[in-house]
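Tertiary structure, described
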Amino acid sequence: MSRTPIALASLTSLAAAAALLATGCAGRADGVEASGCRDDGGWSAQQQAQWLRSAVSFDEDASGEEAVVEVRPRGTADGRPLCAPVTVQVQFWRLTATASGNELSPALRVQLGTDGSEKRLFGLPPGLSAAERDACTGVLMAVYAGTPLTADELPEGIDRLGGDGVPEVTFRTDRLAAHRLISPPDRERCEADTGAAESATTAPSATSNRWGLDHR
């Protein structure tokens, strides 16, 4: 009996297996594999942020007082879950209003991976709840793709607005999916109080030597 048919069958099986391995998770040219997941096709951080954008919202918690970050499952119209999760950062900063502007300081950052199939909720970090914040303190929240933001990607400056005005926040990166700002509750009073305190601190004493110690 000839062994040629057996050899050909073995070669055919090996070729099919190699082709399957070569396709990877995508499985098909359109990026959707038979198992139900979707390959991102080597998305850039900007593309990952765009995919993430419609899954992010900022809602109220059960008490109706605190804002929380929600990363929702993607709807069926947005495509199937990804084969490999996207790295996501949920970050909070303390925003302090002063007479000279607004100061940002990091409060909390959480890293997670999401394939678009589950819901995740994140509350405000300790010290930044409505009951704990004073008139000078607000919160900046952001959700973005990839690694933690560098100093060059943070907002260069947050405009100072009084009353009901909302400061302008512009991140210097295309990795941002969404952000929200909770302004200090009484910015005008805070700025006035801070300015008065700074003036009192820097005002010269009535008994001080106005010429300086080196004057002759």
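Since this is a predicted model, take the numbers as computed values, not measurements. Sequence order as written defines the numbering, with residues in each chain counted from 1. Two thresholds apply to this predicted model, a pLDDT of at least 70 for residue-level local features and 80 or more for giving and counting side-chain atom pairs, whereas whole-chain, interface and lining totals are computed over all residues. Only hydrogens and water are set aside; all other atoms, that is, all heavy atoms of the structure, feed into the side-chain values.

1. Here's the deal with the overall build of the protein
Selection criterion: Each helix is a run of H or I in the DSSP string that is no shorter than four residues. Each strand is a run of E no shorter than two, and both are numbered from the N terminus. By definition, residues are in contact when any of their heavy atoms lie within 4.5 Å. Methods summary: accessible areas were calculated by the Shrake-Rupley approach with a probe of 1.4 Å, and residue burial reflects only the protein chains presented.
A count of helical and extended segments in the protein gives three helices and seven strands. Starting at the N terminus, the α and β elements of the protein follow one another as α-α-β-β-β-β-β-β-β-α. Put simply, 65% of the contacts in the protein that link residues at least 6 apart link residues at least 24 apart. Within the structure as shown, the protein displays about 12900 Å² of accessible surface, and the carbon and sulfur contribution to it stands at 52%.

2. Focus on the sheet that holds strand β3 (residues 86-98)
To be explicit about the condition: Whether two strands pair comes down to DSSP finding at least two bridges between them. Helix axes use the C-alpha atoms of the stretch in contact, all axes being lines fitted to C-alpha atoms, and the angles between their N-to-C directions lie in the range 0 to 180 degrees.
Read from one edge to the other, the open sheet built from four strands follows the order β4-β3-β6-β7, with strand pairing classed as antiparallel. Either end of the sheet is taken by a strand with one partner, and the two such strands are β4 (101-114) and β7 (176-182). Looking at each pair of strands side by side, their axes are set apart by 15° on average, direction ignored. Two strands pair when backbone bridges link them, and β3 and strand β6 (residues 137-145) are joined in this way by nine bridges, in the antiparallel orientation. By the bridge assignment, Q91 is partnered in β6 with A142.

3. Remarks on the pairing of β4
Alignment of β3 against β4, held across 13 bridges, turns out to be antiparallel. Bridging from a neighbouring strand, A97 pairs with N102 of β4. Counting the residues in the hairpin turn of β3 and β4 gives two residues.

4. Observations concerning the packing of aromatic side chains
What counts, and what does not: Two rings from Phe, Tyr or Trp (for Trp, the six-membered ring) form a pair when their centres sit within 6.5 Å of each other. Planes less than 30 degrees apart are called stacked, planes more than 60 degrees apart edge-to-face, and all others tilted.
Overall, the coordinates contain two aromatic pairs when judged by the stated rule. Seen from their ring centres, W43 and W51 are 6.3 Å apart, and the 45° between their planes marks the pair as tilted. The interplanar angle of 50° and the centroid separation of 5.8 Å between the aromatic rings of W93 and F171 together place this pair among those described as tilted. Of this pair, W93 sits in strand β3 while F171 sits in the loop between β6 and β7, and the two are 78 residues apart along the sequence.

5. Structural notes on the nonpolar core
Note the following rule: Put simply, buried Ala, Val, Leu, Ile, Met, Phe, Trp, Tyr and Cys residues joined by side-chain atoms within 4.5 Å make one nonpolar core. Three labels apply to residues, based on accessible area from a 1.4 Å probe with only protein chains included: buried if under 20% of the type maximum, exposed if over 50%, partly exposed otherwise in between.
Membership of the largest hydrophobic core comes to 24 residues, with the highest contact counts inside it found for L52, V69, V90, F92 and M141. At the level of secondary structure, the elements contributing two or more residues to this core comprise α2 (45-53), β1 (56-60), β2 (67-71), β3, β6 and β7. Ignoring any residue separated from it by four or fewer positions in sequence, one finds F92 in contact with V69, P106, A107, L108, F122, G123, L124, P125, V139, L140 and M141. If you look at the next biggest cluster of nonpolar residues, it comprises 11 residues, including Y144, I158, L176 and L181.

6. Some remarks on the pattern of salt bridges
Here is the rule we go by: For this analysis, a salt bridge means a side-chain nitrogen from Lys or Arg found within 4 Å of a carboxyl oxygen belonging to Asp or Glu.
Enumeration according to the criterion identifies two salt bridges in this entry. K119 is the partner of E70 in a salt bridge, and the nearest nitrogen-oxygen pair spans 3.8 Å. Here E70, found in strand β2, pairs with K119, found in the loop between β4 and β5 (120-122); they are 49 residues apart in sequence, far enough to count as distant. Put simply, R175 and E153 hold a salt bridge, and the shortest N to O gap is 2.7 Å. With R175 in the loop between β6 and β7 and E153 in the loop between β6 and β7, this pair connects stretches of sequence that are 22 residues apart. Here R175 matches E153 in class, with each residue buried.

7. Side note on α2
Along an α-helix, residues three or four positions apart point the same way, because every turn accommodates 3.6 residues. Quick reminder of the rule: The arc under discussion is defined with respect to the helix axis, by the directions toward the C-beta atoms.
Those residues of α2 that fall on the buried side of the exposure criterion are Q48, A49, W51 and L52. Buried positions in α2, seen along its axis, are confined to an arc of 160° and lie on one side of it.

8. Topic: the state of the cysteines
In plain terms, the rule: Disulfide: a pair of cysteine sulfur atoms within 2.5 Å of each other.
Using the criterion set out here, one finds one disulfide in the structure. Put simply, C37 and C83 are joined by a disulfide, and their sulfur atoms are 2.1 Å apart. Classification of the bridge connecting C37 and C83 rests on its S-S torsion, roughly 85°, and on that basis the disulfide is right-handed. Here the residue C37 occupies a position in the loop between α1 (4-23) and α2, and C83 occupies one in the loop between β2 and β3, the gap between them amounting to 46 residues. You can call C37 buried: its relative accessible area is 15%.

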